[in-house]
Every structure is written in C-alpha cells, then in structure tokens.
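So the chains spell out like this:
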Amino acid sequence: MGVSGSQDNIHKKPVVLIIGGGYAGIQCAKLLDKTDQFFVILIDRKSYFLHNVAALRATVEENYAQKIIIPYDRLLTNGCVIQAEVTSILTDSIQIHGYHDPIHFNYLVIATGSSYAFPGKVAEVDSSKAISFYNNLQEKIKKAQQILIIGGGPVGIELAGEIATDFPGKDITIVHNQPTLLQPKQFQDKFYARLHENLSKLHITVILNDRIQIPTNQDNPNMNYIEGRKTYVTDKNQSSITADLTFVCVGARVNNKSISNGPLQSKLNPQTGRLIVNNYLQVDGYEKIFAIGDISDKEAKFAYIAADQANYVAKLIALIEKQKPYPKPYQIHTHPLILLTLGRNGGVGQLPTSSGTLIGNIAVKYFKSKDVFTSRYRSALNYQSESDTETKTGYLHKLDSIQSILSVTENDARDLLAGLSGRELAAGQDFI
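What counts and what doesn't
- Residues numbered from 1 in each chain as written.
- Predicted model: local features only at pLDDT ≥ 70, side-chain atom pairs only at ≥ 80, totals over all residues.
- Heavy atoms only, no water.
- UniProt positions renumbered as here; feature names shortened; annotations may be inferred.
- Helix = DSSP H or I, 4+ residues; strand = E, 2+ residues; numbered from the N terminus.
- Buried < 20%, exposed > 50% of the residue type's maximum accessible area, 1.4 Å probe, protein only.
- Contact = heavy atoms within 4.5 Å.
- Expected span 1.5 Å × (residues − 1).
- Pairing = 2+ DSSP bridges.
- Phe/Tyr/Trp six-rings, centres within 6.5 Å; stacked < 30°, edge-to-face > 60°.

- Looking at an unreviewed UniProt entry, one finds the protein named Ferroptosis suppressor protein 1, with Adineta ricciae as its source organism.
- On record in UniProt, under Sequence similarities (unreviewed entry), the comment for the protein is "Belongs to the FAD-dependent oxidoreductase family."
- Check the Cofactor (unreviewed entry) section of the UniProt entry for the protein; it says "6-hydroxy-FAD".

**Re the overall build of the protein**
Phase 1 of the analysis: Within the protein, the secondary structure is distributed over 11 helices and 21 strands.
Phase 2 of the analysis: Sorting the 432 residues of the protein into buried and exposed places 55% on the buried side.
Phase 3 of the analysis: Within the protein, contacts between residues at least 6 apart in sequence are counted, and of these 68% link residues at least 24 apart.

**Describing helix 4 (residues 154-166)**
Phase 1 of the analysis: The terminal C-alpha atoms of helix 4 lie 18 Å apart, and with 13 residues this matches the ideal 18 Å at 1.5 Å per residue to within 8%.
Phase 2 of the analysis: Burial analysis of helix 4 places 10 of its 13 residues in the buried class, the great majority of the element.
Phase 3 of the analysis: Among the residues of helix 4, those classed as buried are Gly156, Ile157, Glu158, Leu159, Ala160, Gly161, Glu162, Ile163, Ala164 and Thr165.

**Digging into the pairing of strand 14 (residues 204-207)**
Phase 1 of the analysis: Note that strand 13 (residues 171-175) and strand 14 share four bridges and pair parallel. Of the residues in strand 14, the one forming a bridge with Ile172 is Ile204.

**Regarding the sheet that holds strand 9 (residues 103-104)**
Phase 1 of the analysis: Taken in spatial order, the three strands make up an open sheet running 7-8-9, and their pairing is antiparallel. Because the sheet does not close on itself, it has two edges, and the strands there are strand 7 (86-89) and strand 9.
Phase 2 of the analysis: Here strand 7 pairs with strand 8 (residues 93-96) via three bridges, running antiparallel. Looking across to strand 8, one finds that Ile89 is bridged to Ile94.

**Regarding the packing of aromatic side chains**
What characterises a pair of aromatic rings is the spacing of the ring centres plus the angle enclosed by the ring planes.
Phase 1 of the analysis: For the structure shown, the criterion picks out 15 aromatic pairs.
Phase 2 of the analysis: With centroids separated by 6.2 Å and ring planes inclined at 55°, the aromatic side chains of Phe118 and Tyr225 adopt a geometry described as tilted. Highlighted residues: Phe118 in the loop between strand 11 (114-115) and helix 3 (127-143) and Tyr225 in strand 15 (residues 225-233), separated in sequence by 107 residues.
Phase 3 of the analysis: Looking at Tyr225, the relative accessible area reads 9%, which means it is buried.
Phase 4 of the analysis: Their ring planes at 45° and their centres at 5.1 Å tell us that Phe187 and Phe191 sit as a pair that is tilted.
Phase 5 of the analysis: Every member of this aromatic cluster is reached through a ring pair, and the members are Phe118, Phe133, Tyr134, Tyr225 and Phe247.

Written out as structure tokens, the structure reads:
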C-alpha cells in the first residue's frame, strides 16, 4: 500500500502532517480527519498498524498475527496515509526517502514512538512477511523445552505468561536486574507480591537483582530471540541457566533519528532522547508542532496515555485554527494504571485510584487478557470482521488529491500511491 483513504483538497484546507502510525498517531489522525476541517496526512514506513499491545499473544496463538496487523487503508475518510520513511523533520516541512521535494505542513504532530525488537514490535514493512515472522516463532516456541527471558519489564513478563499458559510444562526463567519486576516503587507493594504469586502458579522462575550479559542475534539484529541450546551464568550470583530458546526483552529505543537530522535536534532531552514539550504538548518554541506518545518527554509511556495525548492535541489544533482560546493545560496522569496479562486467563492490575486498587485474574481477563483490546483496534481502523482484507482497488481516484495537496505532478502522485521503498533497516535504526 502506498497512499490510502483520500479525497481532494479542493478548498486548500490546512495540512496536518502526522509522523508515525502507532497508538498516538492513528488516534490523532482519525479525530482530525473526522472534523473535515483539515487535510490530514499520516506517514509511516509500514503499510499497516501493529497492535503491539497484543503482539505477544501472536507468539502462541495460531493465526493471531493477522488480527493485530491491520492495514491503514480504511483509517481516514478525507485525508490519506502515505507509506514512506521520513528522513528529516524541519520546522515547516519534512523530507521522505526516495522523494525529491519536501512535504510542507501547517501543523505537525510528531508521533514517531519507540522501537523494540521482535516479537514485541516488528520492523518489517510487508504485512505478509510480518505475519510469517510470528507464525515461525510459534513453531520455535512449541519445540523449545527451556526458555530464558532476559528482562522483567512488561514485555518479558507478558511473554512468559503467554507461553506458560498455552504450553504448560515448559521450563521458563525470567532474569531481571532490578530488586523487583518492572521498576521498583512504581506500584503498590501488594501489586508486586501478587505478580510474583501468579508467576509462581504458572511455574515461572524469577531471578531478581542479577543480570546476564546480553547476547545478540548476529543474523538479524531486529529479532530479539536466539535459537540453540546455550548455558548462561548470571553476573552477581553466578547462577547457571540453560536454555534452547532465549528472548532478550530489553532495549527499547526512541525513534528520533529523523528529528536528530534537523533543527528540532536542540529540542531533544539529552538524557532521554525525547522531545521537550510544554504543558500544551507543543514542542518548546513552536505553536504548531506537537509531540505525543513515546517521543514526547512527558509522563509514562503506555498506549492509553498516548491516546489521551492525541485526543488533547486534536482538540487543541482545531481551536488554534479557529483562533479560539486555548483549553486548560494537558493534565498528567497522577496515578498509574497497569494491566499485566499472564496469558489469556488473567493477570494482575492496578487501577489509577489514590489508593492504587488492585484487581486480579477475573477482572484483568475481562478488561484485557481475553481479547487484548484487539477487536477495539480493528474497529478503530474500520476492520470489523476478522475476515476483512486490505482494499486494493479504488486508489486511482486519489491522484487528484495527492497532486492538489502536495502540488506534485501526476507521475509523482502515482509514485506516492505505489508507496516509496524504505532503506534496509540497519542495527539500531528507527522502525518509523
């Protein structure tokens, strides 16, 4: 897919350019598109939305990957989605790989997110190949008897829970370098205790406050698992762990390379690599440039927070364009919310109340574990049925739209419609 879901910009509506089609990007794009006040262009190097909150379910359940890899072609009604790689972000335009001219905007929303090696996320631009990666990994998990997971954050914990639930009897060990799973003191003490109790019931071994020298997948650095029987020794306690399948669930990276190549580099927090924003989620010093989601140096990084930031920015852009007063500043979430799935049958959660109310298997299964929000996001991208497939027809009428909004030739518009080929991902390169 190159460009999808577009109509003519005959009346020269203000252009809102959104970089990144993750949770923050699709929410902001959809809301602004519905106003019919703007011409919205969302750019992502993939042709599909990856519902990565449910990605770990796809490592164990047959045919699940095709449910969470959802094409962008139905996301927007009035605007369009361009499949391309953004190479640099300027203060009035962006540059994309394989296209000679800059793309200008009236408003810019930077939602480039973060990268995390497979299976937590996937860098592959072709949806069929991405699906095959998950299907192939399922077979490797089925065959493995001893599984080591390095990293006890949300990805490592939920991966262990998915495997232990669907394949009981496997020897699964989590090694984490903190005194508690996740990060210490983020949640109630009872939450950590309940989490350990549930993992123990699944016969998952947890080793805390120790570490293993992180191995690398030499064949494919964007894959965070290593095949073959290996024995590891922890650094602190010299514990010996043997595994025939090893997952490295650490090392999330902020997607900021396109920012580092332009004038907004000075707005990156040198400690976090994220864009510094004000209380209205505007990049410091720029009224019409915003940063939301993982790229924003504002509060915790969860999908629901990214969506809340997107809601706020969509509302603010509409008010600015109408020259109306600003709303109240964006309100940071003061109480954490977490729902950790431990397979399809439940998990542990803490609600965002002042006392940090805990919930257990029944509630977590109802809210998250059973479906992992997959039907919600398929619906958000207008894929109601599991049998729905990407629309391949009707793209030709979008030539006028692209020519009008980008002021390009018909040949250039056709190239954009076909999708611009991205560069081969090198180790450590952004997924956006």
